[in-house]
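Okay, here's what each chain looks like letter by letter:
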Amino acid sequence: MMKGSRTLVPARSGVMTSTVCVLWLCLRSSFFMQILHGFLGGLLESICFLPSGYVNTVSLLHGCEDTCVDTLNFYGRRMWRLAPALMATVLITTILNSVLMLPSSPGMDGYYISGLLGLVGLSNNYFASLQLDYFENGHSHQELNPFMHLWSLGVEEQFYVLFPFLLSWARKLQSPAWVIAVCAVISMLVSCILTCSTYSNAQVAFYILPSRFWELALGACFI
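Calculation notes
- Residues numbered from 1 in each chain as written.
- Predicted model: local features only at pLDDT ≥ 70, side-chain atom pairs only at ≥ 80, totals over all residues.
- Heavy atoms only, no water.
- Helix = DSSP H or I, 4+ residues; strand = E, 2+ residues; numbered from the N terminus.
- Buried < 20%, exposed > 50% of the residue type's maximum accessible area, 1.4 Å probe, protein only.
- Contact = heavy atoms within 4.5 Å.
- Core = buried A, V, L, I, M, F, W, Y, C linked by side-chain atoms within 4.5 Å.
- Expected span 1.5 Å × (residues − 1).
- UniProt positions renumbered as here; feature names shortened; annotations may be inferred.
- Phe/Tyr/Trp six-rings, centres within 6.5 Å; stacked < 30°, edge-to-face > 60°.

An unreviewed UniProt entry annotates the protein as Acyltransferase 3 domain-containing protein originating from Prorocentrum cordatum.

Below you can see the structure in the form of structure tokens.
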């Protein structure tokens, strides 16, 4: 697991861990979530969080000693890489949306709100508040929302605001793998409880960080 900053787990352990993760994601997306028509999209999005957790943890630990985390440089690199493209995408999409759709179209206010919140990594919380499933059942006007897929970027950005502080604290304790694993298990439990309680809570669980934390954290555990 995490010894120092760059030691990788053995290949066999990595394969076994990946298999368990994929099986859990399949169960969570197909049976627990009960969104059969959204299964493929939700599953693929979930799996993409794993390599994101790995790659960004490598970036976070790059050039660091055993007990430090270069948080400010990490934030700077992410902003430089993501902010220009994100702002350009939201701006161009907003202009095209204004030109191609009537101002009286249902849901236009929601489109602009989700785009604005997407710039600060909070669009996933907005969609969670609407209790939308992956294909927006019950909110037909949202199926044309051009900013719908910013929800996953919101989950990642919220994770990477908090994760450097968690990782820094865990490394000072000399047990980063254990700390991250415990947090991942807690996140799994939150996800399972929300998903199995009510249909509306299952939709909330799909979008929020507490129930998605474990997917990114497991990627970090491969470092």
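That shown, we press on.
Student: Can you help me understand the overall build of the protein in this one?
Tutor: On a plain count of helices and strands, the protein comes out with nine helices and zero strands. Ordered by position from N to C terminus, the α and β elements of the protein give α-α-α-α-α-α-α-α-α. Residues classed as buried in the protein amount to 45% of the 223 residues present. Residue pairs at least 24 apart in sequence account for 73% of intrachain contacts in the protein once pairs closer than 6 positions are excluded.

Student: Looking at this model, I keep getting lost on the nonpolar core. Mind explaining?
Tutor: Nonpolar side chains in soluble globular proteins tend to be buried together. Ranked by size, the top nonpolar core spans 31 residues in total, and within it Trp151, Phe159, Phe163 and Tyr207 carry the most contacts. Those elements that provide at least two residues to this core are α2 (39–61), α5 (123–130), α6 (150–172), α7 (176–197), α8 (199–207) and α9 (209–220). Ranked by residues supplied to this core, first place goes to α6 with eight residues.

Student: Explanation requested: α9 in the structure shown.
Tutor: It helps to recall that an α-helix has 3.6 residues per turn; residues three or four apart then point in one direction. Counted at 1.5 Å a residue, the expected span for α9 with its twelve residues is 16 Å, and the 16 Å between its end C-alpha atoms agrees. Within α9, eleven of the twelve residues are buried, which leaves it mostly tucked inside the rest of the structure. Among the residues of α9, Leu209, Ser211, Arg212, Phe213, Trp214, Glu215, Leu216, Ala217, Leu218, Gly219 and Ala220 are the ones counted as buried.

Student: How should I be thinking about the UniProt feature "transmembrane region" (unreviewed entry) in the protein in this particular structure?
Tutor: Within the UniProt annotation, "transmembrane region" (unreviewed entry) is assigned to residues 82–103, 110–128, 148–170 and 177–200. The span residues 148–170 shows a helical share of 91% and a strand share of 0%, and its end C-alpha atoms are spaced 34 Å apart.

Student: Quick question: what am I supposed to make of the packing of aromatic side chains here?
Tutor: Tallied over the full model, the rule gives eleven aromatic pairs. Their ring planes at 50 degrees and their centres at 6.1 Å tell us that phenylalanine 74 and tyrosine 75 sit as a pair that is tilted. For tyrosine 75, a relative accessible area of 24% puts it in the partly exposed group. Ring geometry for phenylalanine 74 and tyrosine 160: centres 5.9 Å apart, planes at 65 degrees, overall edge-to-face. Of this pair, phenylalanine 74 sits in helix α3 (residues 71–100) while tyrosine 160 sits in helix α6, placing them 86 residues apart in sequence. A residue is classified by how much of its surface remains accessible, and phenylalanine 74, at 1% relative accessible area, is buried.

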